Amino acid sequence: MNDNNEQKRKALEMVKHITIDTITDLYLSTTPESMGVADLGCSSGPNTFSVLGDLIGGVEEKCRKIQRATPEFRLFLNDLPTNDFNSIFLALPEFYGKVKRGQSSPEAVFVAAVAGSFYGRLFPSKSLHFVHSSFSLHWLSQVPPELFDQSGKSINKGKIYISESSPKSVTEAYSSQFHKDFRVFLESRSQELISGGRMVLMFLGRPGRDHTNRGNTIYWELLAEAFARMLSLGEIEEEKVESYKTHFYAPSIDEIEEILQMEGSFAIDRLDKFEMGGNYDNNIEDGKSMAAAVRAIQETLITHHFGGGIIDRLFEIYAQLLDEEMSKQEIKAFALLLVLRKLI
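Residues numbered from 1 in each chain as written. Predicted model: local features only at pLDDT ≥ 70, side-chain atom pairs only at ≥ 80, totals over all residues. Heavy atoms only, no water.

1. Observations concerning unusual backbone geometry
- A positive phi angle, near 40°, is found at Thr31, a position not held by glycine.
- Structurally, the position occupied by Thr31 is in the loop between α2 (16-30) and β1 (34-40).
- According to the relative accessible area criterion, Thr31 is partly exposed, its value standing at 36%.
- The backbone phi angle of Gln67 is positive, close to 55°, even though this residue is not glycine.
- Among the structural elements, Gln67 can be located in the loop between α3 (47-66) and β2 (72-79).
- By relative accessible area, which is 75% here, Gln67 ends up exposed. (Helix = DSSP H or I, 4+ residues; strand = E, 2+ residues; numbered from the N terminus. Buried < 20%, exposed > 50% of the residue type's maximum accessible area, 1.4 Å probe, protein only.)

Here it is as structure tokens:
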């Protein structure tokens, strides 16, 4: 679930050819001298520059085949202000070295950071040609406020996400928040992309109408159980546990299509779903590594809510629960791949 996660690396490799085909097709149809490319929710791990390197390499190869000069690349790395942008820029010399070994020179590749939420405008009008985002759009802009009643108490007692025991209003709250957020995302990008610009978006989803699909809910069920164990031991307060909810949502293909049709700025070139297994070669993805992936996303929020004293203990318990679950049955999450083309 974070940029260092093995699931994400494998998934990016799986769809690499689609991402490259999309940007090269865009280049052939627009032939810009300077391409604006944005990676939204870039994080700060090793996958950040690998995707951008693939995009540049794909366009370079196409230019060689048609004997055309490679365009300049304006690369924008976006994430929230709390992201570790310093570590990204420390890796720039290595990235420029790889670029130089290709057809592009470092002088023709310009990298900038853009801090802020992608649920809103980030770039000038019609300044982008291509937008990439992987494993970010399942994070909502906020925890749905409807999860709490007028007195501030949780309507989803003992849970931090949608579960089989959750009332229908919990599912409706999460779905409504995603619809609002994704529509704002599309509206913002429609203003920033040129006509015919492309987006390749990959994020966790669910295979059908069932919101409690095990692949995406089990992580939150087990995290809720880890909280419950600490509560039973008197290590955290019940009020704090009940007021903590995740800002995650896994949409279905039907939901995505409905929002796109309502917003109206993009045509769907491709919309696929695929399964992501949790256990890879040599047991790379054990409970500890999966817990670390969730921790990378949730730690700041948990620390702000509970204080930093519980983090190590919480994720120690969580890793044990994940190991137990994964020993019974492989955890397979579902992801959605969406390729969009900006209409006039």
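So much for the structure itself; the text now carries on.
2. Let's talk about the environment of Gln150
- Tracing the sequence through the fold places Gln150 in the loop between β4 (128-134) and α6 (168-192).
- Spatially, the C-alpha atoms of Gln150 and Ala226 are 28 Å apart, while their sequence positions differ by 76 residues.

3. Details of the packing of aromatic side chains
- Summed over the entire model, instances satisfying the criterion amount to 18 aromatic pairs.
- Summarising the aromatic geometry, the rings of Trp139 and Trp220 are spaced 6.0 Å apart at their centres and angled 80° between planes, so their arrangement reads as edge-to-face. One end of the pair, Trp139, is in the loop between β4 and α6; the other, Trp220, is in helix α7 (residues 214-232), and 81 residues separate them in sequence.
- Taking 5.3 Å as the distance between ring centres and 70° as the angle between the ring planes, the aromatic pair formed by Tyr161 and Phe248 counts as edge-to-face. One end of the pair, Tyr161, is in the loop between β4 and α6; the other, Phe248, is in the loop between α8 (238-242) and α9 (253-263), with 87 residues separating them in the sequence. Like Phe248, Tyr161 is buried. (Phe/Tyr/Trp six-rings, centres within 6.5 Å; stacked < 30°, edge-to-face > 60°.)

4. Quick notes on the nonpolar core
- Judged by nonpolar contacts, the single largest core of 105 residues is most densely connected at Phe95, Phe182, Phe185, Phe227 and Tyr318.
- Ignoring any residue separated from it by four or fewer positions in sequence, one finds Phe185 in contact with Leu40, Phe118, Tyr119, Leu137, Met199 and Leu201. (Core = buried A, V, L, I, M, F, W, Y, C linked by side-chain atoms within 4.5 Å. Contact = heavy atoms within 4.5 Å.)

5. Some details on the packing of α2 against α3
- Two elements in contact, α2 and α3, have axes whose closest approach is 9 Å; the angle formed by their N-to-C orientations is 50°. Classified by the interaxial angle, the pair formed by α2 and α3 is oblique. The handedness of the crossing between α2 and α3 is right-handed. Contacts between α2 and α3 involve Lys16, Thr19, Ile20, Ile23, Thr24, Tyr27 and Leu28 on the former and, on the latter, Asp54, Leu55, Gly58, Val59, Lys62, Cys63 and Ile66.
- When its residues are assigned to classes, the contact of α2 with α3 shows 8 nonpolar, 3 polar and 3 charged. (Axes fitted to C-alpha atoms, helices over the stretch in contact; angles between N-to-C directions. Parallel < 35°, antiparallel > 145°, perpendicular 65-115°, else oblique. Left-handed = near helix turned anticlockwise from the far one by under 90°. Nonpolar A, V, L, I, M, F, W, Y, C, P; charged D, E, K, R; others polar.)

6. Regarding the environment of Ala226
- Turning to its location among the elements, Ala226 is positioned in helix α7.
- According to the relative accessible area criterion, Ala226 is buried, its value standing at 0%.
- When the C-alpha atoms of Ala226 and Ala319 are compared, they prove to be 9.2 Å apart, with 93 residues separating the residues in sequence.
- In this structure Ala226 touches Leu314, Ile317, Tyr318 and Leu321, once residues within four positions along its chain are discounted.

7. Observations regarding the confidence of the model for the protein
- Mean pLDDT over the protein stands at 91; residues scoring 70 or higher make up 94%.
- Confidence, read as mean pLDDT per element, is least for helix α1 (residues 6-14) in the protein (80) and greatest for α6 (98).
- The low-confidence segment residues 279-284 (pLDDT under 50) makes 9 contacts with residues lying over four places distant or belonging to another chain. (pLDDT = per-residue confidence, 0-100.)

8. Re the pattern of salt bridges
- One pass over the full model with this rule turns up 20 salt bridges.
- A salt bridge links Glu94 to Lys98; its shortest N-O distance comes to 3.8 Å. Of this pair, Glu94 and Lys98 both sit in helix α5 (residues 92-101), separated by 4 residues, roughly a single helical turn.
- The class of Glu94 is exposed, set by a relative accessible area of 53%.
- Where Glu255 meets Arg206, a salt bridge forms, and the shortest distance between an N and an O atom there is 2.8 Å. Highlighted residues: Glu255 in helix α9 and Arg206 in the loop between β5 (193-205) and α7, separated in sequence by 49 residues. As far as burial versus exposure is concerned, Glu255 and Arg206 are alike and both buried.
- Three or more residues joined by partner-sharing salt bridges are found here, namely Asp25, Arg198, Asp269 and Arg341. (Salt bridge = Lys/Arg side-chain N within 4 Å of Asp/Glu carboxyl O.)

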